[in-house]
Amino acid sequence: MPFFDYQAFAANGRKKSGSIEAESQRSARQLLRDQLLVPIELRAQQQKSSSQKSHNRRVPNKDIALFTQQFAALVQSNIPLEESLQVVASQTRNKNLQITLQQVRAKVLEGYSVADGMRDHPKVFSPVFQALVQAGEHTGELSQVLLKLADYTERSQKLRNTVVQATVYPMVLTVVAFSIISLLMAFVVPKVVQQFEGTGQTLPLLTKIMISCSHFILNYGLWLALATVVFGILCHYLLKNEQLLYKVHRFFLKLPVAGYLIINLETTRLLGTLSIMLNGGSALLEALLVSSNTIHNRRIRGILMEVTEQVKAGQLLSKMLGNAKIFPPISVYIVANGEHSGKLAKALEQAAQQQENELNNSIGIATKLIEPILMLVFGLLVFAIVLAILLPILQMNNFNNI
């Protein structure tokens, strides 16, 4: 059935807008009146453009988590799935998510499962989300699975925010500091030092270096900035090549501090995804296959795919993770203990929590160390600029005293 965008007045006199599914405009108006809404504008949606919009736009994790919680509450209250989807679609404020949920509901009305409807929207619902919903529908525990999904989505978003903040803050601080220093070098240093050029005195080495840097920024600064932008765009397109991306990611893992943080981050993602999927009723092999899509580092993803093939051949997961010699030993030990006790899902959950705590602590320490180091470096640069200005003055005073 088609969807209609509407604007209507509610019983309290407030204006309300949204979308509704109906066979015709007349049916849509009647449905709105049944909801005590007075329609003032009704317009049929273009199904093709809506679908295209849904496929080309992502939905923030916070909106997905909120939808999941609301959907779980409705399903737990034994409300039919199509009715639950209609309610949460009208409740959400995200237009793209609203259209997506309406299309999922249309698939459910045609006789498909909720998971089947979500597969048409891979940019909105992740492979983990789709697999867990499918497992929940098969086991009859969809509401419980959805509650776990909501918690998983919130934790993933929190982890992502932690990583982004730890990455963005030093970058912003560096850009601001270099911008201020460049302005000083380009406009302040030349005007001050220019006063000493007519005196005939020999300028100190530091002052000469600062003047050379100043001339370089004035003459080539714009070109340097343009080259940096072009280089960034070129790297963006080059890194679409999987072979090159694999080599770059492998290089990152060899870096002293960054490599350690990347391994911890990817291990946290892997263990968290495996635990939520096994607790949701998915098989281990399926969980490993889906979890590989959540790993961003291509080197670690390749290792995980090899581990999956070995587990498929009958090997223990913990043994294969240990043989990879990249995952933290403590996580491998916890997984091995879970396999021996028959409580692998619980062990994976504990390992994921332990790894997440360690990652947060590592990021916190790294952030606290980076800030004073950057401040020291930029302070020394500013001190060098000031010293380059003061040295000629001190030199002139000494010459006059003689």
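For the structure, see preceding data.
Everything numeric here is computed off the predicted structure, so don't read it as measured data.

(A) Spatial organisation of the overall build of the chain. When helices and strands are counted, the chain shows 16 helices and three strands. The globule rule puts the C-alpha radius of gyration for 402 residues at 21 Å, and the 30 Å found for the chain is more than 25% above it. Summarising its shape, the C-alpha atoms of the chain cover approximately 100 × 65 × 35 Å along the three principal directions. For the chain, the residues scored as buried account for 38% of the 402 residues in total. Long-range pairs, those at least 24 residues apart, make up 63% of the contacts in the chain with a sequence separation of at least 6.

(B) Region of the structure containing the packing of helix α13 (residues 298-312) against helix α14 (residues 317-324). One can describe the packing of α13 onto α14 by two numbers: an axis separation of 9 Å at closest approach and a directional angle of 145 degrees. Between α13 and α14 the crossing geometry is right-handed. Between α13 and α14, the residues in contact are I303, V307, Q310 and V311 and L317, M320, L321 and A324, respectively. Residue composition of the contact of α13 with α14, by class: seven nonpolar, one polar and no charged.

(C) Structural view of the packing of aromatic side chains. The full count for this structure, using the stated rule, is seven aromatic pairs. Look at F216 and Y220: their rings are 5.4 Å apart centre to centre, the planes differ by 40 degrees, and that puts the pair in the tilted class. One end of the pair, F216, and the other, Y220, are both in helix α9 (residues 205-238), four residues apart, so they sit about a helical turn from each other. Residue class for F216 comes out partly exposed when judged on its relative accessible area of 41%.

(D) Quick look at the pairing of strand β1 (residues 3-9). In terms of residue burial, β1 counts as a mostly covered element, since five of its seven residues are buried. With six bridges joining them, β1 and strand β3 (residues 38-44) adopt antiparallel strand pairing. Pairing of D5 across the sheet is with R43, part of β3.

(E) Seen up close, the layout of surface pockets. Reported here for the largest pocket is a volume of approximately 980 Å³. Taken together, the elements giving at least two residues each to the lining of the largest pocket come down to α3 (61-76), α7 (127-139), α8 (142-197), α11 (258-279) and α16 (344-401). Classifying every residue of the lining of the largest pocket gives 14 nonpolar, eleven polar and six charged. Lining the second largest pocket we find 25 residues, and of these V163, T167, L261, I262 and L265 sit closest to its centre. Contributions of two or more residues to the lining of the second largest pocket are made by α8, α10 (242-253), α11 and α16. When residues of the lining of the second largest pocket are assigned to their parent elements, the largest contribution, nine residues, is made by α8. Tallied by class, residues from the lining of the second largest pocket come to 17 nonpolar, five polar and three charged.

(F) Examining the side chain of T268 more closely. Looking at the element boundaries, T268 is found in helix α11. With a relative accessible area of 5%, T268 lands in the buried category. At a separation of 2.7 Å, a polar atom in the side chain of T268 contacts the main-chain carbonyl oxygen of N264. The residues touching T268, leaving out its near neighbours within four places in the chain, are L159, A352, Q355, E356 and L359.

(G) Structural context of the environment of L284. Position of L284 relative to the elements: it lies in helix α12 (residues 284-292). For L284, a relative accessible area of 23% translates into the label partly exposed. Between the C-alpha atoms of L284 and K368, which are 84 residues apart in sequence, the distance is 39 Å. Apart from the residues within four sequence positions on either side, L284 is in contact with L278, V311, L317 and L344.

(H) Expanded view of unusual backbone geometry. Positive phi outside glycine occurs at N78, with the angle close to 65 degrees. Relative to the elements of secondary structure, N78 occurs in the loop between α3 and α4 (81-91). One non-glycine residue, K325, adopts positive backbone phi at about 55 degrees. Within the secondary structure layout, K325 lies in the loop between α14 and α15 (329-341).

(I) Summary view of the pattern of salt bridges. Tallied over the entire structure, the rule returns five salt bridges. Notably, a salt bridge pairs D120 with K107, separated by 3.6 Å at the nearest N-O pair. In this pair, D120 is assigned in the loop between α6 (114-119) and α7 and K107 in helix α5 (residues 95-109), connecting sequence segments 13 residues apart. Under the relative-accessibility criterion, K107 is labelled partly exposed at 21%. Between R269 and E266 there is a salt bridge whose closest N-O contact spans 3.2 Å. One end of the pair is R269 and the other is E266, both in helix α11 and three residues apart, which spans about a single turn. Its relative accessible area of 4% is what places E266 among the buried residues.

The rules behind each value
Residues numbered from 1 in each chain as written. Predicted model: local features only at pLDDT ≥ 70, side-chain atom pairs only at ≥ 80, totals over all residues. Heavy atoms only, no water. Helix = DSSP H or I, 4+ residues; strand = E, 2+ residues; numbered from the N terminus. Rg over C-alpha atoms; globule rule 2.2 N^0.38 Å. Buried < 20%, exposed > 50% of the residue type's maximum accessible area, 1.4 Å probe, protein only. Contact = heavy atoms within 4.5 Å. Axes fitted to C-alpha atoms, helices over the stretch in contact; angles between N-to-C directions. Left-handed = near helix turned anticlockwise from the far one by under 90°. Nonpolar A, V, L, I, M, F, W, Y, C, P; charged D, E, K, R; others polar. Phe/Tyr/Trp six-rings, centres within 6.5 Å; stacked < 30°, edge-to-face > 60°. Pairing = 2+ DSSP bridges. 1 Å grid on protein atoms, 1.4 Å probe; cavity = no way out; pocket = protein on both sides within 12 Å on 5 of 7 lines; lining within 4 Å. Points joined across faces, edges and corners; volume = space filled by probe spheres on them. Polar contact = N/O pair within 3.5 Å; in protein donor to acceptor, adjacent residues only side chain to side chain. Salt bridge = Lys/Arg side-chain N within 4 Å of Asp/Glu carboxyl O.

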